[in-house]
Amino acid sequence: MKAVCPGSFDPVTMGHLDIFERAAAQFDEVIVLVTANPNKKSGLFSVAERMSLLEEAVAHLGNVRVDNWGGLLVEYTTAHKVTALVKGLRSSLDYEYELPMAQMNRRLSGVDTFFLLTDEKYGYISSTLCKEVARYGGDISGLLPPHVVEAVEAKYSQAQ
Ligand code: PNS
């Protein structure tokens with residue numbers, strides 16, 4: 001069975017990677033899909049940069065690949081015969097955010113969303129918070145894969 005892990009991934013965190021690894025253990029094939037979120041302003045990384053950071057992060061997972069999509073998520077899942085979405089849930093805030101999207105996606109196309117509870121080590125990590133900490137010179141090591149930490153730090157050192 002094929003699953004999609006959709007998200008902005010600007011950039012991928014250790015929490016995302018943990019979800020990809022756990023999804024890869026449950027599904028035959030997993031597509032990590034960089035998807036447009038119209039509610040988020042333009043990101044730190046371009047879509048091509050996010051994909052390249054993701055590709056390096058999942059290189060050890062033989063049944064995981066990276067793709068991108070700029071339209072409705074359900075158009076992608078229907079076109080690629082994907083019947084499962086997989087997402088991580090850190091807290092009740094994530095649940096409130098994810099529930100309507102999961103129900104809307106199911107109504108539009110029948111695709112089901114499977115939620116994995118975030119490992120307690122990663123419960124407080126978000127791409128947004130990591131970027132904010134890095135922007136002001138804080139230590140983000142261990143929160144993102146090492147090559148992603150380097151890429152974020154390089155972006156903010158270029159900006160200074
Ligand atoms: O990582 P994010 O930004 O929380 O992920 C949200 C995302 C990208 C999965 C969501 O915005 C999405 O599915 N965007 C694609 C457009 C779409 O299908 N919107 C309707 C969602 S019900």
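Here the structure is a predicted model, which means the values were calculated and not measured.

K.L.:
Can you explain the sheet that holds strand 3 (residues 64-69)? Please cite residues and give values.
P.N.:
The strands making up a sheet associate through backbone hydrogen bonding, with each pair oriented either parallel or antiparallel. Taken in spatial order, the 5 strands make up an open sheet running 3-2-1-4-5, and their pairing is parallel. The open sheet terminates on both sides in strands that have one partner only, identified here as strand 3 and strand 5 (112-117). This sheet shows a mean twist of 30 degrees between the axes of neighbouring strands, independent of strand direction. Here strand 1 (residues 2-7) pairs with strand 4 (residues 84-89) via 2 bridges, running parallel. Bridge pairing in strand 4 places Ala 3 opposite Ala 84. Here helix 2 (residues 47-57) sits on the sheet and contacts strand 2 (29-35) and strand 3; the angle it forms with strand 3, its principal contact strand, is near 170 degrees.

K.L.:
Hey, could you go over the nonpolar core for me, with residue numbers and the actual values?
P.N.:
Counting residues in hydrophobic clusters, the biggest one holds 37 residues, and the most contacted among them are Phe 20, Leu 54, Ile 140, Leu 144 and Val 152. Among the secondary structure elements, those contributing two or more residues to this core are strand 1, helix 1 (14-26), strand 2, helix 2, strand 3, strand 4, helix 5 (127-135) and helix 6 (146-159). Residues contacting Ile 140, with those up to four places away along its chain left out, are Cys 130, Val 133, Ala 134, Val 149, Val 152 and Glu 153. With 9 residues, the next largest nonpolar core counts Val 4, Tyr 76, Val 82 and Leu 85 among its residues.

K.L.:
Any chance you could break down the packing of aromatic side chains for me, citing the residues and the numbers?
P.N.:
Counting across every chain of the model gives 3 aromatic pairs. Relative to Phe 20, the ring of Phe 9 has its centre 5.5 Å away and its plane inclined at 75 degrees; by these criteria the two rings are edge-to-face. A residue pair is termed long-range when its members are at least 10 positions apart, and Phe 9 in the loop between strand 1 and helix 1 and Phe 20 in helix 1 qualify at 11 residues. Judged by relative accessible area, which is 5%, Phe 9 ranks as buried. By relative accessible area, Phe 20 is classed as buried at 2%. When the centroid spacing of 5.9 Å and the interplanar angle of 75 degrees are considered together, the rings of Phe 27 and Phe 114 count as edge-to-face. Of this pair, Phe 27 sits in the loop between helix 1 and strand 2 while Phe 114 sits in strand 5; the two residues are 87 residues apart in sequence, bridging distant segments of the chain.

K.L.:
Explain the site of the ligand to me, using residue names and the numbers behind them.
P.N.:
Around the ligand sit 14 residues in total, of which Ser 8, Asn 37, Lys 40, Leu 73 and Tyr 97 are the nearest. Here Asn 37 contributes a side-chain N or O atom positioned 2.8 Å from an oxygen atom of the ligand. Here the ligand has 540 Å² of accessible area as a free molecule, and 84% of this is covered by the chains. Taken together, the residues of the shell around the ligand sort by class into 6 nonpolar, 6 polar and 2 charged.

K.L.:
Residue-level account of helix 1, with values.
P.N.:
For helix 1, with 13 residues, the first-to-last C-alpha span of 19 Å sits near the 18 Å given by 1.5 Å per residue. Turning to helix 1, its buried residues are Met 14, Gly 15, Leu 17, Asp 18, Ile 19, Phe 20, Ala 23 and Ala 24. In this fold, the buried residues of helix 1 make contact with strand 1, strand 2, helix 2, strand 3, strand 4 and strand 5. The residue sitting at the N-terminus of helix 1 and contributing the capping side-chain oxygen is Thr 13; that oxygen lies 3.2 Å from the backbone nitrogen of Gly 15.

K.L.:
Give me the lowdown on the side chain of His 147, citing residues and values where you can.
P.N.:
With respect to the helices and strands, His 147 occurs in helix 6. Given a relative accessible area of 17%, His 147 falls into the buried group. A distance of 2.9 Å separates a polar side-chain atom of His 147 from the backbone oxygen of Leu 53.

K.L.:
Account for the UniProt feature "domain: Cytidyltransferase-like" (unreviewed entry) in the protein chain, naming residues and giving values.
P.N.:
In this structure's numbering, the residues bearing the UniProt feature "domain: Cytidyltransferase-like" (unreviewed entry) are residues 4-132. Structurally, residues 4-132 is divided into 43% helix and 22% strand, and its ends, taken at the C-alpha atoms, are 28 Å apart.

About the thresholds
- Residues numbered from 1 in each chain as written.
- Predicted model: local features only at pLDDT ≥ 70, side-chain atom pairs only at ≥ 80, totals over all residues.
- Heavy atoms only, no water.
- Pairing = 2+ DSSP bridges.
- Helix = DSSP H or I, 4+ residues; strand = E, 2+ residues; numbered from the N terminus.
- Axes fitted to C-alpha atoms, helices over the stretch in contact; angles between N-to-C directions.
- Contact = heavy atoms within 4.5 Å.
- Core = buried A, V, L, I, M, F, W, Y, C linked by side-chain atoms within 4.5 Å.
- Buried < 20%, exposed > 50% of the residue type's maximum accessible area, 1.4 Å probe, protein only.
- Phe/Tyr/Trp six-rings, centres within 6.5 Å; stacked < 30°, edge-to-face > 60°.
- Near = heavy atom within 4 Å.
- Polar contact = N/O pair within 3.5 Å; in protein donor to acceptor, adjacent residues only side chain to side chain.
- Areas by Shrake-Rupley, 256 points an atom, 1.4 Å probe, with all protein chains shown as cover.
- Nonpolar A, V, L, I, M, F, W, Y, C, P; charged D, E, K, R; others polar.
- Expected span 1.5 Å × (residues − 1).
- UniProt positions renumbered as here; feature names shortened; annotations may be inferred.

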